[in-house]
Amino acid sequence: MTLLRAEGERLASMPASALDAPVPTVPGWTLERVVRHTGRVHRWVAATVAAGPGASLGAEVEPLPRGPECLSAYRESLDALLTELSAHDGSRPTPTFTGPGELRFWIRRQAHEVAIHRVDAADAVHAAGGQAPEPLDARGAADGVDEWAGLMLRRALAEVPVTLHGKTVHLHGTDTDDAEWLLGFSPDGVTVETGHAKGDVAVRGTAAELLLTMWRRRPLAALETFGDADVAHRMLDAAVI
């Protein structure tokens, strides 16, 4: 919850003067679209949790207003989400997009959702002449890589491309303990093992660098690669989320 609150506050504090600034790594998106999108997701998750364990996904929520008012509306949406999530134990049953789950699923998912989009927003501000993005929290980023591998990558590659069958990718976060994963690809899907292991390619960088690269916000070329880098490229090209 701490990460969600901190990154949400950073997003809410983006300058209104830069709302039209394009996001360099997400074609067609502007800072305003990032704020409105993330706020609407917050509203949707809060409504889903509030509806109770037996509810279904798909609740309709109001979009955020356009223009400078979207920033204050985003902050209100963030506060409402934090209030709803804080009102229940993390083990409370709740619907998720993977089926019945627990509240902690949404705490984690929303923390990483807003962290990535906060970087999108900060990249837009920086490209427009503002300050460089504040770095992501290293431990939070490592957990984000773990979520990406165990949840988002598996969803994106429900059908693994033939070009990845039998291939493995080792991810190594260099600035946090236990930040290593071995990703395996087969016709049956994606496997994820934690710990040190040899893959067809090893990709090394800080946890934040790994997270932003896996989410296609930074180029693979910015990281160290050992082995068949083409395997990592094919994985990222296929894992469009």
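Before reading further, recall that the structure is shown in the block above.
Residues numbered from 1 in each chain as written. Predicted model: local features only at pLDDT ≥ 70, side-chain atom pairs only at ≥ 80, totals over all residues. Heavy atoms only, no water.

**Student:** Explain unusual backbone geometry residue by residue, including any values.
**Tutor:** Most of the time, phi is negative for any residue but glycine, and the peptide bond is trans. If you check the backbone angles, aspartate 178 has positive phi at about 60° while not being a glycine. Note that aspartate 178 resides in the loop between strand 3 (168-173) and strand 4 (180-186). Of note, the phi angle at arginine 216 is positive, near 65°, even though the residue is not glycine. (Helix = DSSP H or I, 4+ residues; strand = E, 2+ residues; numbered from the N terminus.)

**Student:** So what's going on with the environment of valine 125? Which residues, and what values?
**Tutor:** Relative to the helices and strands, valine 125 resides in helix 4 (residues 103-127). On a C-alpha basis, the gap between valine 125 and proline 15 in space is 7.9 Å, while along the polypeptide they are 110 residues apart. Those residues in contact with valine 125, other than ones at most four positions away along the chain, are Met14, Pro15, Ala18, Leu31 and Gly130. (Contact = heavy atoms within 4.5 Å.)

**Student:** How would you explain the nonpolar core if you had to name every residue and give the values?
**Tutor:** Of all hydrophobic cores here, the largest spans 74 residues; its most connected members are Trp148, Leu183, Phe185 and Met235. Per element, the largest residue contribution to this core is 13 residues, and it comes from helix 4. If near-sequence neighbours (up to four positions away) are discounted, tryptophan 148 is found in contact with Leu153, Leu171, Leu183, Met214, Trp215, Met235, Leu236, Ala239 and Ile241. (Core = buried A, V, L, I, M, F, W, Y, C linked by side-chain atoms within 4.5 Å. Buried < 20%, exposed > 50% of the residue type's maximum accessible area, 1.4 Å probe, protein only.)

**Student:** With reference to specific residues and values, describe helix 3 (residues 69-86).
**Tutor:** Given a rise of 1.5 Å per residue, 18 residues ought to cover 26 Å, and the 26 Å separating the end C-alpha atoms of helix 3 matches this to within 8%. Regarding helix 3, the residues found buried are Cys70, Leu71, Ala73, Tyr74, Ser77, Leu78, Leu81, Leu82 and Leu85. Elements in contact with the buried residues of helix 3: helix 1 (2-12), helix 2 (31-50) and helix 4. (Expected span 1.5 Å × (residues − 1).)

**Student:** How would you explain the packing of aromatic side chains if you had to name every residue and give the values?
**Tutor:** Taken as a whole and assessed by the stated rule, the structure comprises four aromatic pairs. Note on phenylalanine 97 and phenylalanine 105: the rings are 5.2 Å apart at their centroids and 75° apart in plane angle, and the pair reads as edge-to-face. The class of phenylalanine 97 is partly exposed, set by a relative accessible area of 26%. Where phenylalanine 97 meets tryptophan 106, the ring centres are 5.8 Å apart and the plane angle is 80°; that geometry is what we call edge-to-face. (Phe/Tyr/Trp six-rings, centres within 6.5 Å; stacked < 30°, edge-to-face > 60°.)

**Student:** Break down the pairing of strand 1 (residues 93-96) for me, citing the residues and quoting the values.
**Tutor:** As judged from the four bridges shared by strand 1 and strand 2 (residues 99-102), these two strands associate in the antiparallel manner. By the bridge assignment, proline 95 is partnered in strand 2 with proline 100. The hairpin turn running from strand 1 into strand 2, its antiparallel successor, is two residues long. (Pairing = 2+ DSSP bridges.)

**Student:** Quick rundown of the pattern of salt bridges? Include the residues and the values.
**Tutor:** Within this structure, the stated rule accounts for 13 salt bridges. Note that glutamate 113 and arginine 109 form a salt bridge whose closest N and O atoms lie 2.9 Å from each other. Taken together, the residues glutamate 113 and arginine 109, both in helix 4 and four residues apart, mark about one turn of the helix. An identical accessibility class is assigned to glutamate 113 and arginine 109; each is buried. With its nearest N and O atoms 2.8 Å apart, the salt bridge here joins arginine 217 to aspartate 120. With arginine 217 in the loop between helix 6 (207-214) and strand 7 (224-227) and aspartate 120 in helix 4, this residue pair connects regions lying 97 residues apart in the sequence. Judged by relative accessible area, aspartate 120 falls into the buried class, the value being 0%. Shared partners join several salt bridges into a network, and the residues in it are Glu7, Arg10, Arg118 and Glu134. (Salt bridge = Lys/Arg side-chain N within 4 Å of Asp/Glu carboxyl O.)

**Student:** How would you sum up the side chain of histidine 42? Please name residues and give values.
**Tutor:** Inspection of the secondary structure puts histidine 42 in helix 2. At a separation of 2.7 Å, a polar atom in the side chain of histidine 42 contacts the side chain of glutamine 110. Each residue touching histidine 42, except ones within four places of it in the same chain, is listed here: Leu4, Tyr74, Ser77, Leu78, Leu81, Gln110 and Val114. (Polar contact = N/O pair within 3.5 Å; in protein donor to acceptor, adjacent residues only side chain to side chain.)

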